[in-house]
Amino acid sequence: MYSTILTELDNGIFSIIINRPDKLNALNKTVMEELSLAIDEIYNNDEIKSALVTGAGAKSFVAGADINEFIALDAGAGAAFAQMGQDRVFTRIEHSPKPIIAAVNGFALGGGCELAIACHFRIGSTAAKFGQPEVNLGLIPGYGGTQRLTQLIGKGRALEMMMSGIMIDAATALSYGLVNYVVAPEELIAKAKVVLALINSKAPLAVAKCITCANAVFDEKADGFAVEIEAFGSCFATDDKVEGTTAFIEKRKPVFTGK
Ligand code: COA
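Residues numbered from 1 in each chain as written. Predicted model: local features only at pLDDT ≥ 70, side-chain atom pairs only at ≥ 80, totals over all residues. Heavy atoms only, no water.

Caption draft 1: Representation of the side chain of Glu 94 in the model. Its location among the elements puts Glu 94 in helix H2 (residues 75-94). Looking at Glu 94, the relative accessible area reads 16%, which means it is buried. Those residues in contact with Glu 94, other than ones at most four positions away along the chain, are Ala 118, His 120, Arg 148, Ile 211 and Asn 215. (Helix = DSSP H or I, 4+ residues; strand = E, 2+ residues; numbered from the N terminus. Buried < 20%, exposed > 50% of the residue type's maximum accessible area, 1.4 Å probe, protein only. Contact = heavy atoms within 4.5 Å.)

This is the structure in structure tokens:
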């Protein structure tokens, strides 16, 4: 069905593997279109409880947007490029009601770093390397990187990365809070699946509300505390709240239905 990504559904966990290893999984137009369709699947397929994004091959997660496609762009086309990518892929990942995490197996540069930080959180292998090298091309991040990197690791660290184009290694990414865990390359996908399986065992509507509320922190138009109060209240109208609280009192494991 797809030509530049591979997908797989395993026990509710949907894997998206960006598959252009000879180009270090750079995001060309086709990859972006297929990512958008894969995100549709995450939103619409009830069998998918959560998702992970990773790159094919041992070397790269995603080494950025495909630089060849930048050559012909002028100012208007450049802005349209960023707008389309943000609307169809990056913002939809961030606001997905189902958890989407990045399993970063190698270079996460430019749009690759932005893809990883649009995800709800990240797990890195020891080979992971993060960078925003757009300044080397006379550019800046355009898929939300100036905003999300600053939100995630703070202005000083983010600006150093964006203004100098340096790459940071997995240990530094861990110390910055850019990744939650660093594991050996051969353990990366298994670790991501263990983390997601735990989340998948929880009440799905409550999980979705956690994402909504955390995103509200960064929405200037939202009052995050009000968003939380509304979300908290809405949980009380769910079957899963009845199941969760009853199971606790009955000293048994809850069985959530996502209703
Ligand atoms: N866009 C298009 N092609 C890319 C790419 C990108 N962002 N990143 C890597 N590639 C291609 C290379 O052109 C090369 O293709 P070729 O074999 O047809 O020449 C192939 O992937 C392998 O990359 P190469 O540069 O030979 O590997 P390397 O190990 O020497 O260097 C990097 C790895 C990541 C340091 C280097 O590829 C690089 O700097 N990439 C661009 C990163 C970037 O600026 N990203 C932000 C874009 S906005």
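Caption draft 2: Expanded view of the sheet that holds strand S1 (residues 5-10). Judged by pairing direction, the sheet is mixed, and its six strands sit side by side in the order S1-S2-S3-S5-S7-S10 without closing on themselves. Because the sheet does not close on itself, it has two edges, and the strands there are S1 and strand S10 (181-183). In this sheet, adjacent strand axes meet at a mean angle of 20° when their direction is disregarded. In the sheet, strand S2 (residues 13-18) pairs with strand S3 (residues 50-55) via six bridges, with the strands oriented parallel. In the sheet register, Phe 14 faces S3, and the bridge partner there is Ala 51. (Pairing = 2+ DSSP bridges. Axes fitted to C-alpha atoms, helices over the stretch in contact; angles between N-to-C directions.)

Caption draft 3: Summary view of the domain arrangement of the protein. By the assigned domains, the protein splits into domain 1 (5-200) and domain 2 (204-249). If you look at the interface, domain 1 gives nine residues, while domain 2 gives five residues. Taken together, both faces of the contact between domain 1 and domain 2 bury some 570 Å²; the carbon and sulfur share is 66%. It is Glu 94, Pro 97 and Gln 151 in domain 1 that bury the most area against domain 2; as a group they hold 54% of the surface buried on that side. Counting across the domain 1 and domain 2 interface gives zero salt bridges. At the surface where domain 1 touches domain 2, the tally comes to two residue pairs in polar contact (both at pLDDT 80 or more). (Domains from an automatic or database assignment. Buried area = accessible area lost by both parts, 1.4 Å probe. Salt bridge = Lys/Arg side-chain N within 4 Å of Asp/Glu carboxyl O. Polar contact = N/O pair within 3.5 Å; in protein donor to acceptor, adjacent residues only side chain to side chain.)

Caption draft 4: Looking closely at the confidence of the model for the protein. Taken as a whole, the protein shows an average pLDDT of 98; of its residues, 100% reach a score of 70 or greater. When mean pLDDT is taken per element in the protein, strand S5 (residues 100-104) scores highest with 99 and helix H10 (residues 239-249) scores lowest with 97. (pLDDT = per-residue confidence, 0-100.)

Caption draft 5: Region of interest: helix H8 (residues 204-216). With 13 residues, H8 extends 19 Å between its outermost C-alpha atoms, agreeing within 8% with the 18 Å of an ideal straight helix rising 1.5 Å per residue. Looking at the buried residues of H8, the elements they touch are H2, helix H7 (188-200) and helix H9 (224-235). (Expected span 1.5 Å × (residues − 1).)

Caption draft 6: Region of the structure containing the pattern of salt bridges. On inspection of all chains with the given rule, the structure shows eight salt bridges. Between Lys 193 and Glu 8 there is a salt bridge, and its shortest N-O distance comes to 3.4 Å. Of this pair, Lys 193 sits in helix H7 while Glu 8 sits in strand S1, placing them 185 residues apart in sequence. Among the ionic pairs, Asp 10 bridges to Lys 193, the shortest N-O distance being 3.0 Å. You can see Asp 10 sitting in strand S1 and its partner Lys 193 sitting in helix H7, a full 183 residues away along the chain. Asp 10 sits in the partly exposed class, given a relative accessible area of 33%. Ionic contacts of the salt-bridge type, sharing partners, join the residues Glu 8, Asp 10 and Lys 193 into one network.

Caption draft 7: Quick look at the side chain of Asn 215. Inspection of the secondary structure assignment puts Asn 215 in helix H8. Asn 215 has contacts with Glu 94 and His 95, leaving out every residue within four places of it along the chain.

Caption draft 8: Broad picture of the pairing of S1. With six bridges connecting them, S1 and S2 associate as antiparallel partners. Pairing of Leu 9 across the sheet is with Phe 14, part of S2. The hairpin turn running from S1 into S2, its antiparallel successor, is two residues long, and Asn 11 in that turn takes a positive phi close to 55°.

Caption draft 9: Quick look at helix H1 (residues 29-44). The end-to-end C-alpha distance of H1 is 23 Å, a good match for the 22 Å that 16 residues give at a rise of 1.5 Å each. Along H1, the residues classified as buried are Val 31, Met 32, Glu 34, Leu 35, Ser 36, Ala 38, Ile 39 and Ile 42. Buried residues in H1 make contact with S1, S2, S3, H2 and S5. With a side-chain oxygen lying 3.2 Å from the backbone nitrogen of Thr 30, the N-terminal cap of H1 falls on Asn 28.

Caption draft 10: Region of interest: the sheet that holds strand S6 (residues 107-109). In space, the four strands of this open sheet follow the order S4-S6-S8-S9, with mixed pairing throughout. Where the open sheet ends on each side, the last strands, each with one partner, are strand S4 (60-62) and strand S9 (167-169). Between one strand axis and the next, the sheet turns by 20° as a mean value, whatever way the strands run. In this structure, S6 lies alongside strand S8 (residues 129-131), joined through three bridges in parallel fashion. Directly across from Ala 108, in S8, lies its bridge partner Phe 130.

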